[in-house]
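A structural walkthrough
This is what each chain is made of:
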Amino acid sequence: MLQAIQKHGAAKGFLMGFSRILRCHPFVRGGYDPVPEKFSLRRNPKNNKI
């Protein structure tokens, strides 16, 4: 979340970080999900491999 806030500002970074925290549960496939260059609340599709 800190990286998202630094990269996208307080409001967008908080939303992005909060959406990532909500995805942390056993029913979501894990993997590496870095902060994307462009703001999005969706998972980064290019880097979803472990």
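Now for a quick tour of the structure. (Residues numbered from 1 in each chain as written. Predicted model: local features only at pLDDT ≥ 70, side-chain atom pairs only at ≥ 80, totals over all residues. Heavy atoms only, no water.)

When you go through the protein chain residue by residue, the secondary structure sums to two helices and zero strands. Restricting to contacts in the protein chain with at least 6 residues of sequence separation, those with at least 24 account for 25%. When the accessible area of the protein chain is evaluated, it comes to approximately 4200 Å², of which 64% is carbon and sulfur surface. (Helix = DSSP H or I, 4+ residues; strand = E, 2+ residues; numbered from the N terminus. Contact = heavy atoms within 4.5 Å. Areas by Shrake-Rupley, 256 points an atom, 1.4 Å probe, with all protein chains shown as cover.)

Turning our attention to the packing of aromatic side chains. Scanning the model with the defined rule gives one aromatic pair in all. Geometrically, the ring pair formed by Phe14 and Phe18 is stacked, given 5.9 Å between the ring centres and 15 degrees between the ring planes. With Phe14 and Phe18 both in helix α2 (residues 10-22), this residue pair falls four residues apart, about one helical turn. Accessibility expressed as a relative area gives 41% for Phe18, which makes it partly exposed. Taking NZ or CZ as reference, Lys12 lies 5.5 Å from the ring centre of Phe39, over its face. (Phe/Tyr/Trp six-rings, centres within 6.5 Å; stacked < 30°, edge-to-face > 60°. Buried < 20%, exposed > 50% of the residue type's maximum accessible area, 1.4 Å probe, protein only. Lys NZ or Arg CZ within 6 Å of the ring centre and 35° of its normal.)

Here we take up a nonpolar patch on the surface. On the surface, a nonpolar cluster with roughly 680 Å² of combined accessible area is contributed by Met1, Phe14, Leu15, Phe18, Ile21, Leu22 and Leu41. Inspection of the secondary structure puts Ile21 in helix α2. (Patch = residues over 30% accessible without salt bridge, like charges linked within 9 Å, V, L, I, M, F, W, Y side chains within 5 Å. Salt bridge = Lys/Arg side-chain N within 4 Å of Asp/Glu carboxyl O.)

On to the environment of Ser19. Tracing the chain through its elements places Ser19 in helix α2. Between the C-alpha atoms of Ser19 and Ser40, which are 21 residues apart in sequence, the distance is 9.8 Å.

Next up on the list: the side chain of Arg20. Within the secondary structure layout, Arg20 lies in helix α2. There is a polar contact of 2.8 Å between the side chain of Arg20 and the backbone oxygen of Pro34. Filtering out sequence-adjacent residues up to four positions away, Arg20 remains in contact with Asp33, Pro34, Val35 and Pro36. (Polar contact = N/O pair within 3.5 Å; in protein donor to acceptor, adjacent residues only side chain to side chain.)

Taking 1.5 Å as the rise per residue, α2 with 13 residues should run 18 Å; its terminal C-alpha atoms sit 18 Å apart, in good agreement. Among all positions in α2, only Gly13, Met16, Gly17, Ser19 and Arg20 are buried. Down the axis of α2, the buried set is contained in an arc of 160 degrees. They therefore lie on one face. Residues of α2 that are exposed and angled more than 90 degrees away from the buried face: Ala10, Ala11 and Leu22. Each element contacted by the buried residues of α2 is listed here: α1 (2-8). (Expected span 1.5 Å × (residues − 1). Arc of directions from axis to C-beta.)

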